[in-house]
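Residues per chain, in single letters:
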Amino acid sequence: MITVLSGGTGTPKLLQGLKRVVDSKNLSIIVNTGEDTWIGDLYLSPDVDTVLYTLSDLINEETWYGVKEDTFYTYNQLKMLGFDEILKIGDKDRALKMHKTYYLRRGYKLSEVVEMERKALNIDAKVIPMTDDKVETKILSKIEGKADLLKFHDFWVKRKGEVEVLDVIYENSIYAKPCSEAINAIKNSEFVIIGPSNPITSIGPILSLDGIKEELKHKKVIVVSPIVGNSAVSGPAGKLMKVKGYDVSVKGVYEYYKDIIDVLVIDSKDKDISGEIPCEVLITNTIMKTIDDKIRLAKNIIEFCGSL
Ligand SMILES: C[C@H](OP(=O)(O)OP(=O)(O)OC[C@H]1O[C@@H](n2cnc3c(=O)[nH]c(N)nc32)[C@H](O)[C@@H]1O)C(=O)O
Ligand SMILES: O=c1nc2n(C[C@H](O)[C@H](O)[C@H](O)CO)c3cc(O)ccc3cc-2c(=O)[nH]1
Ligand SMILES: [Mg+2]
């Protein structure tokens with residue numbers, strides 16, 4: 001068994017490679033739910049849905065959310081009626097959100113509903129939300145000289161991340177419990193891969209849950225750096241790492257994960273500083289543009305782990 005910790009873009013790209021390199025029945029994906037939110041009466045679990053779509057080959061690879069070639073009739077009709085959902089939810093994508101909403105409103109746990117959905121989508125890998133409790137990632141920003149605690153989507157989608165960030169908090173994570181399936185997946189794994197997701201807003205929430213780090217300390221943990229050189233490959237990870245006091249470099253990524261990391265996978269562009277990383281280092285091409293890039297990276301990681 002291999003367990004993978006994932007957000008909604010970087011790690012899903014690696015999952016496209018992993019699912020072609022190992023038997024998906026041996027894969028468990030623990031997914032961030034810190035960006036889950038209600039849009040009107042609709043429950044959104046963006047990172048979970050991206051992982052479900054990625055593993056069922058439905059994912060829109062331009063945006064890394066929603067279903068490829070989806071239509072937006074309902075989204076546009078609602079907007080015409082004055083109900084702007086902000087997040088562009090496609091018609092097929094809406095069905096997955098409605099499915100979650102229906103069962104959550106009838107007392108089902110998120111993990112139970114996601115288990116129904118991964119089976120319906122013929123996904124062999126386990127897809128496990130990090131928790132069934134409410135944990136919300138919020139961005140403490142400074143807007144016009146005033147501190148403002150923003151929901152993640154307000155920060156990232158509405159304001160395009162273009163605000164000064166003072167801090168990032170995982171609201172309620174000290175009280176939330178990780179899903180028991182997540183703890184068991186880690187316990188039953190030969191090794192754990194922390195994919196190249198945003199350390200602060202995608203992996204941080206998972207690690208903040210009671211018991212997760214403790215379990216990981218007993219496992220071989222391989223981290224794929226989402227940072228190459230001095231910037232993130234995409235998105236706000238660099239800005240958020242800086243706010244949290246981490247160098248925006250592979251050294252900063254090591255520092256962030258130092259309590260649990262055994263191997264850091266870094267891009268060839270960073271090979272000259274690999275000697276400064278105080279753990280095992282796998283140097284390879286980590287920029288995933290084509291499916292061959294994703295398969296090669298996945299193969300390199302699995303072969304390296306096999307040799308651990
Ligand atoms: C908004 C976005 O969050 P989310 O959509 O949840 O994405 P993740 O946190 O899962 O991933 C973002 C993270 O991924 C890194 N990335 C993307 N493509 C690559 C790649 O080909 N190689 C590689 N090593 N890292 C990659 C990217 O730097 C981002 O930090 C978000 O937070 O960006
Ligand atoms: O930046 C956007 N992200 C959208 N996302 C992604 C998501 O809100 C965030 O970008 C991720 O949470 C980043 O971690 C969606 C996710 C869904 O599951 C469904 C619809 C959307 C729509 C958008 C969107 O319009 N813009
Ligand atoms: Mg995300």
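Residues numbered from 1 in each chain as written. Chains lettered and ligands numbered in written order. Predicted model: local features only at pLDDT ≥ 70, side-chain atom pairs only at ≥ 80, totals over all residues. Heavy atoms only, no water.

Looking at an unreviewed UniProt entry, the chain carries the name 2-phospho-L-lactate transferase, with the source organism given as Methanocaldococcus vulcanius. Under the Subunit (unreviewed entry) heading, UniProt states for the chain: "Homodimer." (UniProt positions renumbered as here; feature names shortened; annotations may be inferred.)

A word on the overall build of the chain. Counting its regular elements, the chain contains 12 helices and 14 strands. Relative to its length of 308 residues, the chain is compact, with a C-alpha radius of gyration of 19 Å against a globular reference of 19 Å. For the C-alpha atoms alone, the extent of the chain along its principal axes is close to 60 × 50 × 40 Å. A total of 308 residues make up the chain; the buried ones form 56% of that total. Per element, the accessible surface of the chain, about 13800 Å² overall, is 50% carbon and sulfur. Considering the chain, the positive charge centre built from 42 side chains and the negative charge centre built from 46 side chains are found 1 Å apart. (Helix = DSSP H or I, 4+ residues; strand = E, 2+ residues; numbered from the N terminus. Rg over C-alpha atoms; globule rule 2.2 N^0.38 Å. Buried < 20%, exposed > 50% of the residue type's maximum accessible area, 1.4 Å probe, protein only. Areas by Shrake-Rupley, 256 points an atom, 1.4 Å probe, with all protein chains shown as cover. Lys, Arg positive; Asp, Glu negative; His and termini not counted. Charge placed at Lys NZ, Arg CZ, Asp CG, Glu CD.)

Our focus in this paragraph is the coordination of the magnesium ion (ligand 3). In this structure, Glu 35 (OE), Asp 47 (OD) and Asp 47 (OD) serve as the protein donors to the magnesium ion (ligand 3), at separations of 2.3 to 2.5 Å. Of this pair, Glu 35 sits in the loop between strand E2 (27–31) and strand E3 (37–39) while Asp 47 sits in helix H2 (residues 46–55); the two residues are 12 residues apart in sequence, bridging distant segments of the chain. Note on accessibility: Glu 35 and Asp 47 belong to one class, buried. (Donors = N, O, S within 2.8 Å, 3.2 Å for Na, K, Ca; no water.)

Turning our attention to the UniProt feature "binding site: 7,8-didemethyl-8-hydroxy-5-deazariboflavin" (unreviewed entry) in the chain. Look at the UniProt record and you will see "binding site: 7,8-didemethyl-8-hydroxy-5-deazariboflavin" (unreviewed entry) annotated at Asp 49 and Lys 88. Considering the C-alpha atoms alone, the annotated residues occupy 40 residues of sequence yet fold into one spot, their largest mutual distance being 13.8 Å. Among the secondary structure elements, Asp 49 is positioned in helix H2. Here Asp 49 is in contact with Asp 93, Leu 96, Lys 97 and Lys 100, once residues within four sequence places are set aside. Note on placement: Lys 88 falls in the loop between helix H3 (73–80) and helix H4 (91–104). (Contact = heavy atoms within 4.5 Å.)

Looking now at the site of ligand 2. Close to ligand 2 lie 13 residues; Glu 35, Tyr 65, Lys 88, Lys 97 and His 153 are nearest. The contact in question runs from an oxygen atom of ligand 2 to an N or O atom on the side chain of Glu 35, over 2.4 Å. Asp 47 places a polar side-chain atom, nitrogen or oxygen, 3.5 Å from an oxygen atom of ligand 2. In the complex, the protein chains occlude 87% of the 510 Å² of accessible area that ligand 2 would expose alone. With 4 residues, the single largest contributor to the shell around ligand 2 is helix H6 (residues 152–158). Residues of the shell around ligand 2, tallied by class, amount to 7 nonpolar, 1 polar and 5 charged. Here the shell around ligand 2 spans two domains, and each of domain 1 (36–129) and domain 2 (136–171) adds at least three residues to it. (Near = heavy atom within 4 Å. Polar contact = N/O pair within 3.5 Å; in protein donor to acceptor, adjacent residues only side chain to side chain. Nonpolar A, V, L, I, M, F, W, Y, C, P; charged D, E, K, R; others polar. Domains from an automatic or database assignment.)

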